[in-house]
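Tertiary structure, described
These are the residues of each chain, in order.
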Amino acid sequence: MDTNKSSGRKSLFIVVSFLLWFPQFLYVPVFAPYMESLGGKYTFIGIILSSYGITQLLLRMPIGIFSDVKKVRKPFVIFGMVASMLSCLIFLVTDHLGWILVARALAGVAAATWVAFTVLYPRYFADHEVHRAMGSISFVVVLAQFLGMGFSGYIVSEWGWKAPFWIAVCFSIIGVILSFFIFEQKAGIEREPLKVKELARVVKEPSLLKVAILSILTHSIIFSTMFGFTSNYALHIGFHTSELTFIVLAFMIPHAVATLFMGKVLVPLLGEWKALKVAYLLTTVFTILIPLVQTRGLFLMVQVFSGFSLGLIFPLLLGMSIQNIVPEKRATAMGAYQALYAIGIFAGPFFAGIFNSLLGIQAGFYFVGVLGAVATFLVTFWGRGRNTSVVKNHVEKPVQQLKQQP
């Protein structure tokens, strides 16, 4: 009976997690073209896209800290679901770019609460199962991205620009309702409240800062390309809105496969830093290739390799980010890490939008391609003289220690 109850709790949490992300990604491939159809200029489109990162930058660390201090996660989960629903609702009822800016910022508020999700879910598992738990919840994010983005182009071509928002609102309402029923154990591990001095030590951890800088650059790239202006460029070279689905599939399937390839093949073969160097080098090359391609078939091929190379990076950075942080500060550290990489979610599309406005749609891709080159240099420099270590030291150990969070 207890096993059935535990299984039900896990399943419900997975469903709620899916319903946080699915509505948010349902409109992503068509979002920039949609704003362009409303008369938005690339600079302002970049501002709207970057607002998603600004709110995460401002809120993710406070949410992690407050969650640690109060030793509760569920209220933040519910808050995130409500913010997601309101965001989708505003998108649905307005065509005004100012309100669209507000709605996208609210989507960032919802995303900022993800730190609470990633700390609460492992509590449903035994210590030896926590790695599987984090794998499951990470897969849910990729699945939500894939399903949401995969159908958005077709939905718009069949029912118009507003159709994704109608669907997003419906799923968000279901998510809000279900979030009230997720389980959180009342009794937690008693400990002293987090002190400012301890917070400073967490944020100043050298390994966390290095990985956060790399993550800033990586998020700048992906939120300026696949989650930003790639769809606009595709439409410029002859794709139709219904064909954006093929672009999403070309990017997301290799992106998901790469998350497994990195941990099981590339890292054991090369070590963490060399594996990162290879991944960033590939990312740089295929990002710069995007604006050079003029044919649809070749464009899809570039998306395949771009998705794969970026997919190599994210899971390794996540594990490396908190490896040296003591267990009772992990939610705070995760909040700090997520807040720092939100700089990239903001800065990437913001500056890419400016470059696109001044120099044309290709310029933003060259800009983030340069960021990839910078990341490649930093990884090469920071990785000098480091011994090759086993992947579980950077992925399994920090994930297992998350289990100790109340």
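Residues numbered from 1 in each chain as written. Predicted model: local features only at pLDDT ≥ 70, side-chain atom pairs only at ≥ 80, totals over all residues. Heavy atoms only, no water.

Some thoughts on the overall build of the protein chain
Quick note on the threshold: Helix and strand definitions follow DSSP, with helices as H or I runs of at least four residues and strands as E runs of at least two, each counted in order from the N terminus. Exposure classes here rest on a 1.4 Å probe applied to the protein chains alone. A residue is buried below 20% of its type maximum, exposed above 50%, and partly exposed in between. Between two residues, a contact is recorded if the distance between any of their heavy atoms is within 4.5 Å.
In terms of regular secondary structure, the protein chain is built from 16 helices and zero strands. The buried share of the protein chain, taken over its 406 residues, is 56%. Here the analysis covers contacts within the protein chain between residues at least 6 apart in sequence; of these, 86% occur between residues at least 24 apart.

Digging into the packing of aromatic side chains
Pairs of aromatic rings are described using the distance from one ring centre to the other and the angle between the two planes. Using the following cut-off: Any pair of Phe, Tyr and Trp rings, taking the six-membered ring for Trp, is counted once the centres come within 6.5 Å. Such a pair is stacked with planes under 30 degrees apart, edge-to-face with planes over 60 apart, and tilted for the rest. Cation placement over rings: the criterion is NZ of Lys or CZ of Arg within 6 Å of the ring centroid and within 35° of the ring normal.
One pass over the full model with this rule turns up 33 aromatic pairs. With a centroid separation of 5.6 Å and an interplanar angle of 55°, the aromatic rings of Phe239 and Phe299 are classed as tilted. Remark: Phe299 occurs in helix H13 (residues 296-321) and Phe239 occurs in the loop between helix H10 (206-236) and helix H11 (244-270); sequence separation between them is 60 residues. The two residues Phe239 and Phe299 agree in class, both being buried. What links up through ring pairs into an aromatic cluster is the set Phe13, Trp21, Phe25, Tyr52, Trp114, Phe117, Tyr121, Tyr124, Phe183, Phe223 and Phe227. The ring of Phe239 is capped by Arg296, whose NZ or CZ atom sits 5.9 Å from the centre of that ring.

Here we look at the environment of Ile253
Relative to the helices and strands, Ile253 is located in helix H11. For Ile253, a relative accessible area of 45% puts it in the partly exposed group.

Regarding the packing of helix H3 (residues 42-70) against H10
Keep this limit in mind: To define axes, lines are fitted to C-alpha atoms, for helices over the stretch in contact only, and angles between the resulting N-to-C directions are given on a 0 to 180 degree scale. The cut-offs work like this: below 35 degrees is roughly parallel, past 145 is roughly antiparallel, 65 to 115 is roughly perpendicular, and the gaps in between are oblique. Crossings are assigned a handedness: left-handed for a near helix turned anticlockwise from the far helix by less than a right angle, right-handed for a clockwise turn. Ten residues, namely Ala, Val, Leu, Ile, Met, Phe, Trp, Tyr, Cys and Pro, are considered nonpolar, four, namely Asp, Glu, Lys and Arg, are considered charged, and the remaining ones, Gly among them, are considered polar.
The contact between H3 and H10 brings their axes to 10 Å, and the two run at 150°. Taken together, the axes of H3 and H10 are roughly antiparallel relative to one another. With respect to the hand of their crossing, H3 and H10 are arranged in right-handed fashion. From H3, Tyr42, Ile45, Gly46, Leu49 and Tyr52 reach across to H10, where they touch Phe223, Phe227, Gly228, Phe229, Asn232 and His236. Looking at the contact of H3 with H10, its residues break down into seven nonpolar, four polar and no charged.

Concerning the nonpolar core
Put simply, the test is: Put simply, buried Ala, Val, Leu, Ile, Met, Phe, Trp, Tyr and Cys residues joined by side-chain atoms within 4.5 Å make one nonpolar core.
Of all hydrophobic cores here, the largest spans 114 residues; its most connected members are Trp21, Phe31, Met35, Leu214, Leu276 and Phe299. Here the element with the most residues in this core is H10; it accounts for 13 residues.

Description of the side chain of Asn356
Condition: The definition of a polar contact used here is a pair of N or O atoms within 3.5 Å, where within protein one atom must be able to donate a hydrogen and the other to accept one, and adjacent residues in sequence count solely through side-chain atom pairs.
Assignment of secondary structure puts Asn356 in helix H14 (residues 330-359). On the accessibility criterion, Asn356 (2% relative accessible area) is buried. Only 2.8 Å separates the side chain of Asn356 from the backbone nitrogen of Gly364, close enough to count as a polar contact.

A look at helix H8 (residues 163-179)
Put simply, the test is: Each helix should span, by expectation, one fewer than its residue count multiplied by 1.5 Å.
Helix length check: H8 (17 residues) gives 25 Å between terminal C-alpha atoms against 24 Å at 1.5 Å per residue, within 8%. Regarding H8, the residues found buried are Ala163, Pro164, Phe165, Ala168, Val169, Ser172, Gly175, Val176 and Ser179.

A look at the environment of Gln303
Along the polypeptide, Gln303 turns up in helix H13. For the pair formed by Gln303 and Ala250, sequence separation is 53 residues and the distance between their alpha carbons is 5.8 Å.

A short note on the pattern of salt bridges
Put simply, the test is: Criterion for a salt bridge: a side-chain nitrogen of Lys or Arg within 4 Å of a carboxyl oxygen of Asp or Glu.
Scanning the entire structure with this criterion turns up two salt bridges. We note a salt bridge from Asp95 to Lys162, for which the minimum N-O separation is 3.1 Å. A residue pair is termed long-range when its members are at least 10 positions apart, and Asp95 in the loop between helix H4 (74-93) and helix H5 (97-112) and Lys162 in the loop between helix H7 (130-159) and H8 qualify at 67 residues.

Here we look at a nonpolar patch on the surface
Here is the rule we go by: A patch consists of residues exposed above 30% relative accessible area that lack any salt bridge, with like charges linked at up to 9 Å and nonpolar side chains (Val, Leu, Ile, Met, Phe, Trp, Tyr) linked at up to 5 Å. The Shrake-Rupley method, run with a 1.4 Å probe sphere, supplies the accessible areas, and residue values consider only the shown protein chains as cover.
Together, Ile173, Ile177, Phe180 and Phe181 make up an exposed nonpolar region whose accessible area comes to about 430 Å². If you trace the backbone, Phe181 turns up in the loop between H8 and helix H9 (196-203). Residue classification places Phe181 among the exposed positions, given a relative accessible area of 61%.

Some remarks on the packing of helix H2 (residues 28-37) against H5
H5 packs onto H2 with a crossing angle of 155° between their chain directions and a minimal axis gap of 12 Å. Taken as axis vectors, H2 and H5 run roughly antiparallel relative to one another. The crossing of H2 and H5 is left-handed. Contact residues: H2 offers Val28, Phe31, Tyr34 and Met35, while H5 offers Leu97, Ile100 and Arg104. Classifying every residue of the contact of H2 with H5 by side-chain character gives six nonpolar, no polar and one charged.

A short note on the confidence of the model for the protein chain
Quick reminder of the rule: How sure the predictor is of each residue is captured by pLDDT, a score from 0 to 100.
Of the residues in the protein chain, 84% have a pLDDT of 70 or more, and the chain-wide mean is 84. Mean pLDDT across the secondary structure elements of the protein chain bottoms out at helix H16 (residues 396-402), with 43, and peaks at H8, with 96. Within the model, pLDDT remains below 50 along residues 387-406, and this stretch shows 62 contacts once partners closer than five positions in the same chain are excluded.

Some details on the environment of Gln338
Relative to the assigned elements, Gln338 resides in helix H14. On the accessibility criterion, Gln338 (3% relative accessible area) is buried. Each C-alpha atom, one on Gln338 and one on Met61, is 7.4 Å from the other, the two residues being 277 residues apart in sequence. Residues contacting Gln338, with those up to four places away along its chain left out, are Arg60, Trp114, Val115 and Thr118.

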